[in-house]
Structure formats: C-alpha cells, structure tokens
Amino acid sequence: YHFEDVLSTIVRTVFEDLDGLNDPAGRLILEFLVNQLLHTPLVGGDDEASREAQMAHDVTRVLCLRLTRCAIRCGLRDVKNQVLIEAEASASPDEERGLLQIVQDDLCLSLLLTGQAIWAYHDNPSITPGFISLEVLSEICSTISTLWTSVNLRRHLVPQFEAIFTGFYQRALALLRKRRNPIDSDSFNANFVFDAGIEIILESLVEIMCLDDS
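Student: An account of the overall build of the protein chain is requested, with residue identities and associated values reported.
Tutor: In terms of helices and strands, the protein chain carries nine helices and zero strands. Listing every helix and strand of the protein chain by position from the N terminus yields α-α-α-α-α-α-α-α-α. Expressed as a percentage of its 214 residues, the buried residues of the protein chain come to 43%. Across the protein chain, every contact between residues at least 6 apart in sequence was considered, and the portion connecting residues at least 24 apart equals 74%. Carbon together with sulfur atoms contributes 55% to the accessible area of the protein chain, which is approximately 11,800 Å² in total.

This is how it looks when you write it as structure tokens:
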C-alpha cells in the first residue's frame, strides 16, 4: 500500500502540473500505464507457477488502472472543451501523440479487450473460467465510470463508448440471457465465476445510468 501511495503521489504531482495535452512527462506515464493493460503474457496451464504468474499480472493491472484513474482525475477531467479541440486541430502526424489520443486509441481499447477477457473461457467450462480476476474487472468498470463522469473527455469518446456499451455491457446482457443451468461441477464453477463478473458489470452499468451529470 505504501508503494501504491508513492506512485499515486508521483502521478498526481505530474498531472496536476501539466503544460498541456502534449506534455512529455504525462504522455510517457500514461503510455506506460496503458501498455501494461494491453500486454497480456501467455500464461498457460493450470499448475501453481501459471496461477502465480497470472495473479502477479493481475496485481500489476489493478495498480495501473488505479494510477490511470488518478491521472484522469488530476490532469484530464477538467480540461476545457475548447482546449481539447485546439490540441486536436494543431497536432501534426509527425508529432508525438497527445494525452487525448492515448485515451481515445489505447486506453478505451484496452478497457474493452481486457474486460471482455472475463468471458475468454465462457464456452468451454472444462477450462478454468475468467482470464482476468474479478478485482481487475471491478477496476476496469471503475475506470470506465471515471471516463464517463469526465464530461469534457466524454464528448471526445463517443465512438469509443459506443464500442464499450456494445462489446462489453450489451454482450454481458446477451450472455446472461444465454446462461445455461449447470450440469456438473465444472459448469457450476464456470457459472459461479460468470455470475460474479456479471454482477460487477451490471452494478457498474447502473451506476453510469444513474449519474446526475450524464
């Protein structure tokens, strides 16, 4: 926890003092955090070493998601809409990508793909279900909520949120309708993990729909 507090302080300090959306310090930090979400090591098998490797990777993703939300709240949430438009208009193809583009292209994609991994083994209950932990799923939902409540950012994430609602929330509801009753211990365990994940996702959807500023 002390390690997380130190990193949160660093991220907060950098993003509260950004020179702009192309600030190199903020860009490098956000790129690093998002890359940890996109990077998924090949962890196969059901042995102890594989489980420990997956748990370690999940801990990394949880930390990166929390730091990403800290960066959004401190440096991007209250950025004026006109500033975002000017930054997009002035950016040239040869320039480094700005913070907005990293959020649009990388962060939203990683949230969608990583969130969908909860159903990676949904159709094969003989394999351990849930490619990501429920804690990672909860952090993904919290990050999506943070982006949604950042009104100035949300205006620039219309297609991204369309993909998230279709490929994440709507897919969860579709799979819930197709859920089969368990017939053995494997399918029972698969349904148990699936139900826990669906509960987290639906709670997140209700939270988004009930926001006063939406």
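From this point, things continue past the structure.
Student: So, the nonpolar core: which residues are in play, and what are the values?
Tutor: Here is a general trend for soluble globular proteins: nonpolar side chains tend to be buried in one another's company. Ranked by size, the top nonpolar core spans 49 residues in total, and within it Leu 107, Trp 119, Ile 144, Leu 147, Phe 168, Tyr 169 and Ile 201 carry the most contacts. When contributions to this core are tallied by element, the ones reaching two or more residues are α1 (2–16), α2 (24–38), α3 (48–76), α5 (99–116), α6 (134–149), α8 (158–177) and α9 (185–209). Ranked by the residues each element gives to this core, the list is headed by α3, at nine residues. For Tyr 169, the residues in contact, after removing those within four places along its chain, are Ile 144, Ile 164, Ile 201, Ser 204, Leu 205 and Ile 208.

Student: Describe α9, listing the residues and the values that go with them.
Tutor: Compared with the 36 Å implied by 1.5 Å per residue over 25 residues, the 36 Å span of α9 between its first and last C-alpha is a close match. Every buried residue belonging to α9 is among Ser 187, Ala 190, Asn 191, Phe 194, Ala 196, Gly 197, Ile 198, Ile 200, Ile 201, Ser 204, Leu 205 and Ile 208, and all of these are buried. In the core, the buried residues of α9 are packed alongside α6 and α8.

Student: Describe the environment of Thr 149, with residues and values.
Tutor: Secondary-structure assignment places Thr 149 in helix α6. For Thr 149, a relative accessible area of 15% gives the class buried. Separated by 76 residues in the primary sequence, Thr 149 and Arg 73 have C-alpha atoms spaced 9.8 Å apart.

Student: Would you mind going over the side chain of Asp 58 in detail, with residue names and values included?
Tutor: As for its position among the elements, Asp 58 is in helix α3. For Asp 58, a relative accessible area of 9% translates into the label buried. There is a polar contact of 3.0 Å between the side chain of Asp 58 and the side chain of Arg 61.

Student: Residue-level account of the packing of aromatic side chains, with values.
Tutor: Using the criterion set out here, one finds five aromatic pairs in the structure. Measuring from ring centre to ring centre gives 5.0 Å for Trp 148 and Phe 161, while their planes differ by 80 degrees; the resulting arrangement is edge-to-face. Here the residue Trp 148 occupies a position in helix α6, and Phe 161 occupies one in helix α8, the gap between them amounting to 13 residues. The same class applies to Trp 148 as to Phe 161, namely buried. Taken together, a centroid distance of 5.4 Å and an interplanar angle of 40 degrees make the contact between Phe 165 and Tyr 169 tilted. Of this pair, Phe 165 and Tyr 169 are both found in helix α8, four residues apart, which corresponds to roughly one turn of the helix. Among the aromatic residues, those joined into a ring-pair cluster are Trp 148, Phe 161, Phe 165, Phe 168 and Tyr 169. Here Arg 154 stacks its cationic end above the ring of Trp 148, 4.4 Å away from the centre of that ring.

Basis of the calculations
- Residues numbered from 1 in each chain as written.
- Predicted model: local features only at pLDDT ≥ 70, side-chain atom pairs only at ≥ 80, totals over all residues.
- Heavy atoms only, no water.
- Helix = DSSP H or I, 4+ residues; strand = E, 2+ residues; numbered from the N terminus.
- Buried < 20%, exposed > 50% of the residue type's maximum accessible area, 1.4 Å probe, protein only.
- Contact = heavy atoms within 4.5 Å.
- Areas by Shrake-Rupley, 256 points an atom, 1.4 Å probe, with all protein chains shown as cover.
- Core = buried A, V, L, I, M, F, W, Y, C linked by side-chain atoms within 4.5 Å.
- Expected span 1.5 Å × (residues − 1).
- Polar contact = N/O pair within 3.5 Å; in protein donor to acceptor, adjacent residues only side chain to side chain.
- Phe/Tyr/Trp six-rings, centres within 6.5 Å; stacked < 30°, edge-to-face > 60°.
- Lys NZ or Arg CZ within 6 Å of the ring centre and 35° of its normal.

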